[in-house]
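# Summary of structural features
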Amino acid sequence: MVKTLESVFVKALSIIRKNKVRILSKTEFRVLAEVEGEHDTYSVIIYRDGRWSCTCNFGVFSKEDECSHALATKLIVGFPIIRKLPIIPELGIFGTCALVQIKENST
Ligand SMILES: [Zn+2]
(Lines give C-alpha, C1' and ligand atoms only; values in the text may rest on other atoms or scores of the structure.)
Protein backbone atom coordinates (compact mmCIF):
# COMPACT_ATOMS: atom_id res chain seq x y z
CA MET A 1 0.00 0.00 0.00
CA VAL A 2 2.73 2.42 1.01
CA LYS A 3 4.58 1.59 -2.19
CA THR A 4 1.54 2.55 -4.27
CA LEU A 5 1.15 5.84 -2.47
CA GLU A 6 4.78 6.69 -2.99
CA SER A 7 4.83 5.76 -6.66
CA VAL A 8 1.86 8.06 -7.36
CA PHE A 9 3.62 10.82 -5.45
CA VAL A 10 6.90 10.24 -7.32
CA LYS A 11 4.98 10.25 -10.62
CA ALA A 12 3.33 13.54 -9.68
CA LEU A 13 6.70 15.07 -8.82
CA SER A 14 8.14 13.93 -12.12
CA ILE A 15 5.16 15.46 -13.97
CA ILE A 16 5.86 18.75 -12.18
CA ARG A 17 9.60 18.64 -12.83
CA LYS A 18 9.08 17.97 -16.52
CA ASN A 19 6.66 20.89 -16.71
CA LYS A 20 3.81 18.72 -18.01
CA VAL A 21 0.97 20.59 -16.31
CA ARG A 22 -0.68 23.36 -18.28
CA ILE A 23 -3.12 25.47 -16.26
CA LEU A 24 -6.00 26.42 -18.56
CA SER A 25 -8.09 28.42 -16.14
CA LYS A 26 -7.83 29.27 -12.48
CA THR A 27 -10.26 30.78 -10.02
CA GLU A 28 -10.17 30.85 -6.24
CA PHE A 29 -12.31 27.69 -6.12
CA ARG A 30 -11.58 25.72 -9.28
CA VAL A 31 -8.66 24.99 -11.56
CA LEU A 32 -8.82 23.45 -15.02
CA ALA A 33 -5.61 21.93 -16.31
CA GLU A 34 -4.24 19.76 -19.05
CA VAL A 35 -1.66 17.21 -17.94
CA GLU A 36 0.59 15.34 -20.31
CA GLY A 37 0.84 11.77 -19.00
CA GLU A 38 2.94 8.83 -20.16
CA HIS A 39 0.39 7.66 -22.73
CA ASP A 40 -1.97 10.54 -23.31
CA THR A 41 -2.92 14.07 -22.33
CA TYR A 42 -5.60 14.28 -19.64
CA SER A 43 -8.06 16.95 -18.57
CA VAL A 44 -7.97 17.63 -14.86
CA ILE A 45 -10.40 19.64 -12.73
CA ILE A 46 -9.63 20.32 -9.08
CA TYR A 47 -11.72 22.16 -6.50
CA ARG A 48 -10.77 24.09 -3.39
CA ASP A 49 -12.83 21.65 -1.24
CA GLY A 50 -10.62 18.72 -2.33
CA ARG A 51 -12.83 17.23 -5.06
CA TRP A 52 -11.12 16.39 -8.33
CA SER A 53 -11.66 14.70 -11.64
CA CYS A 54 -9.33 13.43 -14.35
CA THR A 55 -9.94 11.74 -17.68
CA CYS A 56 -7.36 8.97 -17.07
CA ASN A 57 -8.49 5.46 -16.07
CA PHE A 58 -7.55 5.91 -12.43
CA GLY A 59 -9.49 9.18 -12.36
CA VAL A 60 -12.59 7.43 -13.69
CA PHE A 61 -12.54 4.62 -11.12
CA SER A 62 -11.36 6.39 -7.98
CA LYS A 63 -13.01 9.41 -6.48
CA GLU A 64 -10.90 9.64 -3.36
CA ASP A 65 -7.12 9.40 -3.58
CA GLU A 66 -5.86 11.56 -6.41
CA CYS A 67 -4.25 10.13 -9.52
CA SER A 68 -0.77 11.45 -10.29
CA HIS A 69 -2.20 14.06 -12.71
CA ALA A 70 -4.65 15.57 -10.21
CA LEU A 71 -2.02 15.35 -7.47
CA ALA A 72 0.55 17.22 -9.59
CA THR A 73 -2.00 19.94 -10.38
CA LYS A 74 -2.97 20.27 -6.71
CA LEU A 75 0.68 20.54 -5.64
CA ILE A 76 1.26 23.32 -8.16
CA VAL A 77 -1.73 25.47 -7.23
CA GLY A 78 -1.70 24.54 -3.53
CA PHE A 79 -5.23 23.11 -3.28
CA PRO A 80 -6.02 20.63 -0.46
CA ILE A 81 -4.84 17.06 -1.07
CA ILE A 82 -6.87 14.01 0.01
CA ARG A 83 -4.11 11.47 -0.47
CA LYS A 84 -1.67 10.99 2.41
CA LEU A 85 1.72 12.05 1.14
CA PRO A 86 5.05 10.55 2.14
CA ILE A 87 7.37 13.01 3.80
CA ILE A 88 10.61 13.72 1.99
CA PRO A 89 12.84 15.54 4.49
CA GLU A 90 15.25 17.10 1.97
CA LEU A 91 12.47 18.47 -0.18
CA GLY A 92 9.11 18.66 1.57
CA ILE A 93 5.88 19.43 -0.24
CA PHE A 94 6.28 23.15 0.20
CA GLY A 95 9.78 23.01 -1.21
CA THR A 96 8.37 21.43 -4.35
CA CYS A 97 5.72 24.13 -4.72
CA ALA A 98 8.35 26.83 -4.35
CA LEU A 99 10.49 25.18 -7.03
CA VAL A 100 7.55 25.11 -9.43
CA GLN A 101 6.74 28.76 -8.79
CA ILE A 102 10.31 29.82 -9.51
CA LYS A 103 10.15 27.86 -12.75
CA GLU A 104 6.86 29.52 -13.76
CA ASN A 105 8.19 33.01 -13.05
CA SER A 106 11.29 32.50 -15.13
CA THR A 107 9.39 31.65 -18.33
ZN1 LIG B 1 -5.29 11.21 -13.96
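Cut-offs applied
Residues numbered from 1 in each chain as written. Predicted model: local features only at pLDDT ≥ 70, side-chain atom pairs only at ≥ 80, totals over all residues. Helix = DSSP H or I, 4+ residues; strand = E, 2+ residues; numbered from the N terminus. Contact = placed C-beta atoms within 7 Å. Buried ≥ 20, exposed ≤ 12 C-beta atoms within 10 Å, placed from the backbone. Pairing = 2+ DSSP bridges. pLDDT = per-residue confidence, 0-100. Core = buried A, V, L, I, M, F, W, Y, C linked by C-beta atoms within 7 Å. Axes fitted to C-alpha atoms, helices over the stretch in contact; angles between N-to-C directions.

### Some remarks on the overall build of the protein chain
Of the regular secondary structure elements, the protein chain holds four helices and four strands. If you list the helices and strands of the protein chain from N to C, you get α-β-β-β-β-α-α-α. Put simply, 44% of the contacts in the protein chain that link residues at least 6 apart link residues at least 24 apart.

### Some words on the pairing of strand β3 (residues 41-47)
The side chains of a regular strand alternate between both faces of the sheet. Only one face of β3 is buried: it carries Tyr42, Val44 and Ile46, and the other face, with Thr41, Ser43, Ile45 and Tyr47, is open. Hairpin connection, strand β2 (residues 30-36) to β3: the antiparallel pair is bridged by four residues. By the bridge criterion, three bridges tie β3 to strand β4 (residues 52-54) in an arrangement that is antiparallel. Bridge assignment links Ile45 to a residue of β4, and that residue is Ser53. Connecting the antiparallel pair β3 and β4 is a turn made up of four residues, with Gly50 showing a positive phi of about 105 degrees.

### Details of the confidence of the model for the protein chain
The predicted model of the protein chain has a mean per-residue pLDDT of 80, with 70% of residues at 70 or higher. Note that residues 94-103 has pLDDT below 50 and, in this model, nine contacts with residues that lie over four places away or in other chains.

### Re the nonpolar core
Counting 22 residues, the largest nonpolar core has Ala12, Ile16, Leu71 and Ala72 as its most contacted members. Listing elements by their share of this core, those giving two or more residues are α1 (2-17), β2, β3, β4 and α3 (68-77). The element contributing the most residues to this core is α1, with six residues. Residues in contact with Leu71, not counting those within four places in the same chain, are Val8, Phe9, Ala12, Glu66, Ile81 and Arg83.

### What about the sheet that holds β2?
In spatial order, the strands read β1-β2-β3-β4; together these four strands make up an open sheet with antiparallel pairing. Each edge of the sheet is formed by a strand with only one pairing partner; in this case those strands are β1 (21-26) and β4. The sheet shows a mean angle of 15 degrees between the axes of neighbouring strands, taken without regard to direction. Bridge count for β1 against β2 is five bridges, and the pairing is antiparallel. Counted as the bridge partner of Ser25 is Leu32 from β2.

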